Structures are given as structure tokens and as C-alpha cells.
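# Descriptive analysis of the structure
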Amino acid sequence: MTGWLASFLNHPATYLKYGWFQISISNLIVILIMLVLFAAAILIKFPKERE
Amino acid sequence: MSTSENKMWTARLRNAWQRNLPVDKLLPDDQPAYVASWIYVFGVATIAALGVIIASGIVLAFQGPAWYHTSDIGKFTNSMHFWSVQMFFAFMVIHLWGKFWMAAWRGNRVRTWMTGAVTFVVSIATAFTGYLIQTNFDSQWISFEAKDGFNSVGVGAWFTVTNLGQMLLLHVAFLPLILGVITFIHVLMVRRRGVVPPIDALPFDMEVRK
Amino acid sequence: MSTGRHTKEEFDAAPWHGKTRKYDIVKEGVIAVVVVSVLAVALSLLLGSPDDTPLTFKGWATSNSDNFYATAVSELAGTSGTATYGAPYNKAADGLNVGPLWLQKWAGASRPIDSVNDFVIAPLSTQVLSTDIASALATWKAATAKDQSTWATNYDSAIAKVEGKLSDVPAGNYGPVPALAQGLTDMAKAGGLDAALLSQGGFFQTDNTKQILFFGDGSYLDDAGTAANLQGGTWGMMNETGRYPGQAWLWLYSFWYQIPPFNNEESKPIGANADAYIMFLMGGLSLGLILIPLIPGIKTLPMRIPIHRGIWRQYYEENGIKRRKH
């Protein structure tokens, strides 16, 4: 029942490498999501009054 | 209030509590008008993720650390634990970024920041022990690699990352307790001091009592 | 109103008397729990979680029996990583230091491991052995420590000289060591070593230290770590098996291992003691995070870089507040 798409994740990961720097695509995605959420939280207008 | 009551420990505790954190301060239904940004939801989101972590963790604890290797429900519960931890850290770090850029330690709120930062550090330790008790290749590898760091500063003499029993107990008992208590104190401090006012807030909005 | 530092702090601490808005924190909390739960359920159903099966001594001895055999010999000869480690397992080395602080040594050998007996002799002694291996074990146990050491060291050096190619090892004064190593290899191949290393002749056991350390002395675990890109020298601390996200929050810890002098074991004193230096460094930086509100230059950064103008945009616009210099 769990992990319908897990077969996609159970493969050797892809890494981006620049000299001594490297990061897995998965970690990069997580960090990008965090940055996007942070930016969105500041840029998107908060509803004026909630009941 | 009579003098004798003033001397009683119980009365003193109650009075201090009432003074510092009356219930309408603990559960307010309004906030200063400047509390109007999505950044404010990430503290609550972090606690929500912690709730899912604890709930899925309790189920895992009932079945033992090896259950999820062979059971479908176990695998699902383990996955809930895994993803809620990823969300927990993501939300906590966004919350931390937000509070940093608000300089949220202003106005006698330094200890609120400090308890929050300690929570972050303790969370890393808690997650780390979780990775060690997965009873899979990952935990074999992490325990072999990580032992050198702890041994190098003498901590390894007591904190033995290769000892599954020790890591299991720390992960499900000691560390969550510490994490829970500090988080609780952190939230009480936030409620007691109120949400930090904006940088450059207007003077007439604040009532300064000397 | 004075804008002195003291007054400014009092001002920020004062109760709010400006406009307020309705804000339902309980409702917000319930919505947060629902959203996070739904996300966790969706991610779990779709992606599952990483779970690579653990390695076994059986797998090691079967897939690379020469390496396992040579590792067993190195345990007897006292040349393995574990046998030469130092605290907390033994006193064979001083361990790492930071300047005058020899914390590793001072903490003492609190988790003693005797690689000869714990890794080889005791596990073999739990088995029903073939005649030649049983007599080799008896010979070893009856021999003096000096003889044991001579045999094991001779054989270990001979294997090292031919770079682990066992068929090329010349004959020599090895005593019962080849038979013991063969016996342990056979035992591991049959699947008997994993449990014997853990139980050490007892019943309840929850400490896997001996298994993990023996594993690390050979190339099997190390190769698997390299294949999964989990080595510390390549940001492995942050990574996870498969394509799952790892402990990304360890990025700063992992970072130091990538740059000089920490990534160079030859560089003294820091590179050679990188583990200890990085522990101290991260301890200091963690303390720094906790103490940010007190650190000049950093605590004023939020005033100088106006991200707060976005966060409190609504308040600033409604009150026509322009950015002020701090």
C-alpha cells in the first residue's frame, strides 16, 4: 500500500557536482522548496481579517 | 492579599503565573494588527509536524524497530515518520529565518530566541539517533562513520552510536522528552511576551511603562 | 521619545496598544495539523521511505571471501582499524587531540574490545568445528602470547606483501592462524557469525558495536558506502540511500569535511584531527546560533537588510512608515 512511486526513488541518486561542492537532486529540491516557501510567505499578501 | 498568603510558596507561584501568563494571554483571540504575514504560520506548522512525528513514532514504538521492514502498515507508518521529520525541519528552519529577519529577540525576547535555537540543536540530535535505529544499511553506515566524531572528543565513551539499545532508548524516551519540554517553554515565552512589534513601529502604538 | 538603546528595548517590550485584529490561533493550529497530516499521508503513499537491507557477514564472506579472510587475520595480528583504534575500545593509540586537550584518551577505554578474542576466538569457540579447525583453535588457546603474536603477525605481513592475493602467500611460520581464518570465513559464509558477534555467548544483547567495528575493518562496508555516495568526504552525511532526501540540516557539519585543512589527513594539527576540530567548531557555531541576539554585527543585520519591510508590509503601508536608518 505504501510507496506507489517508490520504485522511482529506489535507484542510485543523481548528484550535482562543482569541484568540491556536491548535492543530491533530492536535497536540492528540499532546499529549493524551503526557499520558495520563505519567499512566498513574505511576498504573498496575507488575508486582511479572518473570522 | 494578606501577608501570610504572600509568604506561601503555592500562593507565590499562582500569583506569579497569574501576573505573567493569564489565560487570555495564553489563548488570545486577537493579535496586534501587524501580525499579518504568512511567515507567522511556520511556527505553528513546525509544532503540527512534531505532532505527526510523535503520533507515528508512538505507533512505531509499539511494534519495535524492525517491524517496518516486513509490514505494509509498518512501512506506511515509518514513511509518515520520515516525511513529517523532513517537513518539521523545513518549517522550523523557515520559522528560524523569519524570526531572524524580524530580529524577534527585541524587547526582552532574547530567551525566546535562545530556547528556539536550543530546540533546533536538540532536534538534530533526536533525528540523528532516529537514523541510527532504522536497523537497515543506512544505520550501519551512519553508526560506523559517526562514532569517530563522538570518540574524538571523548563523548563516545558514554554516547555509543553503535549501541542500538542505547540509541533506541535515547530516541524514544530521553530526547523527545527534552524536545517536548523546551518546545513547551518556548511557546509559553512567545505567549507571555507577545509577538515582537515591527522594526520602526510607531511610538504611539506602544505603551511604555518605566 | 528618546531613541537610546535602553529605551528602544523597553519600547519593543511594552504591551501593544495599537490596532488589533482577530486571530484564531486554535483554528490555525488545527488547520496546520490537518494540512501536515494530509501532506505526510500523500508523501508516504506516493514515495514511501528509504530502507536498504542491512549488510551481513554472510554477504561479506560470500561476495569477497579473501577480503574477509584477510580482515580476520588482521584482527588476530592486531593490525586492524579496531585493534589500533585507541579509546574508547582499547589503549592501542592516543586518539585525536585539539591542542593540549586529549579528550579521547582521557575519556578512557570504557567500551573495551579485544579484537582477537571478541572477533575471532570467542565466536569460533561457540561452533561445532571440523577436526583441523578445532585442533587449530586448541593449539592457539594453548600457545603463549608471544607465539600467537609471531604467527599472526607473520601471516598478516605475508598477506599484506602480496596485496591480499591469498593464493600467492608463500609458506611460513604461521601456526594455526590460516586454519582459524578459514574457520571464521566458513562460519561467516554459513551465516553464523552475525549473531555470534552480537551475543558473545550471552542471551540478551542490544549492543551492535562489535559487529559494526568488525565490519568497518574490511572493505565490504566501505565499498557499499562509496557506492551509495555516503562517504563523509563527499558530503555523505547529508545524503540518504536511493533518491530520498537526507539529513540536509547537517550541511554545515558536512561542509567542513570538504575543505582544507580539514579534508587533508596529512595536514597537522587540524587535518589529522579533523573529527575533533570540527566537533569543537560545530559546538561553537551552535552556541553562536543560540547567542545571535547578543552578537554585535549579526544582531543588527535584520535592521540593515530590509526583509522586514516585506513581512510587515501591511502595517508599514497603512501607517505610511518609511524605512529608517539604524
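For the structure, see preceding data.
Attention now goes to the overall build of chain A. Check the secondary structure of chain A and you find two helices and two strands. Secondary structure elements in chain A, listed N-terminal to C-terminal, are α-β-β-α. Relative to the compact-globule value of 10 Å for 51 residues, chain A shows a C-alpha radius of gyration of 17 Å, a clear excess of over 25%. In terms of overall dimensions, chain A has C-alpha extents of about 50 × 40 × 10 Å along its principal axes. Counting across all 51 residues of chain A, residues that qualify as buried make up 31%.

Contact residues are listed per partner, giving 32 residues for chain C and 32 residues for chain A. Of the roughly 2,900 Å² buried at the junction of chain C and chain A (both faces included), carbon and sulfur atoms supply 54%. By the criterion of area lost to chain A, the three top residues of chain C are Arg21, Leu45 and Arg243 of chain C, representing 25% of everything that side buries. Applying the counting criterion to the chain C and chain A interface returns zero salt bridges.

With that settled, the discussion passes to helix α7 (residues 131–142) of chain C. Residues and elements named next belong to chain C. Counted at 1.5 Å a residue, the expected span for α7 with its 12 residues is 16 Å, and the 16 Å between its end C-alpha atoms agrees. Of the residues making up α7, those classed as buried are Ile133, Ala136, Leu137 and Trp140. Here the buried residues of α7 occupy an arc of 100 degrees about the axis, which is enough to place them on one side. α7 presents Thr131 and Ala142 as exposed residues on the side facing more than 90 degrees away from its buried surface. The elements touched by buried residues of α7 are α4 (65–77), α6 (115–125), α8 (145–161) and α9 (177–189).

The partner chain C presents 105 residues to the 98 residues of chain B that form the contact. Here chain B and chain C share an interface that buries about 9,200 Å² over both sides, 67% of which is from carbon and sulfur atoms. When the area that chain B buries against chain C is broken down by residue, the three leading residues are Trp101, Phe137 and Asp200 of chain B, summing to 9%. Our enumeration of links across chain B and chain C arrives at two salt bridges. Among the ionic pairs, Asp12 of chain C bridges to Arg106 of chain B, the shortest N-O distance being 3.4 Å.

Residues and elements named next belong to chain C. For α9, spanning 13 residues, the distance from its first C-alpha to its last is 18 Å, which sits close to the expected 18 Å at 1.5 Å a residue. Within α9, the full set of buried residues consists of Val177, Leu180, Ala181, Gly183, Leu184, Thr185, Met187 and Ala188. Positive phi appears at Gly191, one or two residues downstream of α9, with a value of about 95 degrees.

Scoring rules and cut-offs
- Residues numbered from 1 in each chain as written.
- Chains lettered and ligands numbered in written order.
- Predicted model: local features only at pLDDT ≥ 70, side-chain atom pairs only at ≥ 80, totals over all residues.
- Heavy atoms only, no water.
- Helix = DSSP H or I, 4+ residues; strand = E, 2+ residues; numbered from the N terminus.
- Rg over C-alpha atoms; globule rule 2.2 N^0.38 Å.
- Buried < 20%, exposed > 50% of the residue type's maximum accessible area, 1.4 Å probe, protein only.
- Contact = heavy atoms within 4.5 Å.
- Buried area = accessible area lost by both parts, 1.4 Å probe.
- Salt bridge = Lys/Arg side-chain N within 4 Å of Asp/Glu carboxyl O.
- Expected span 1.5 Å × (residues − 1).
- Arc of directions from axis to C-beta.

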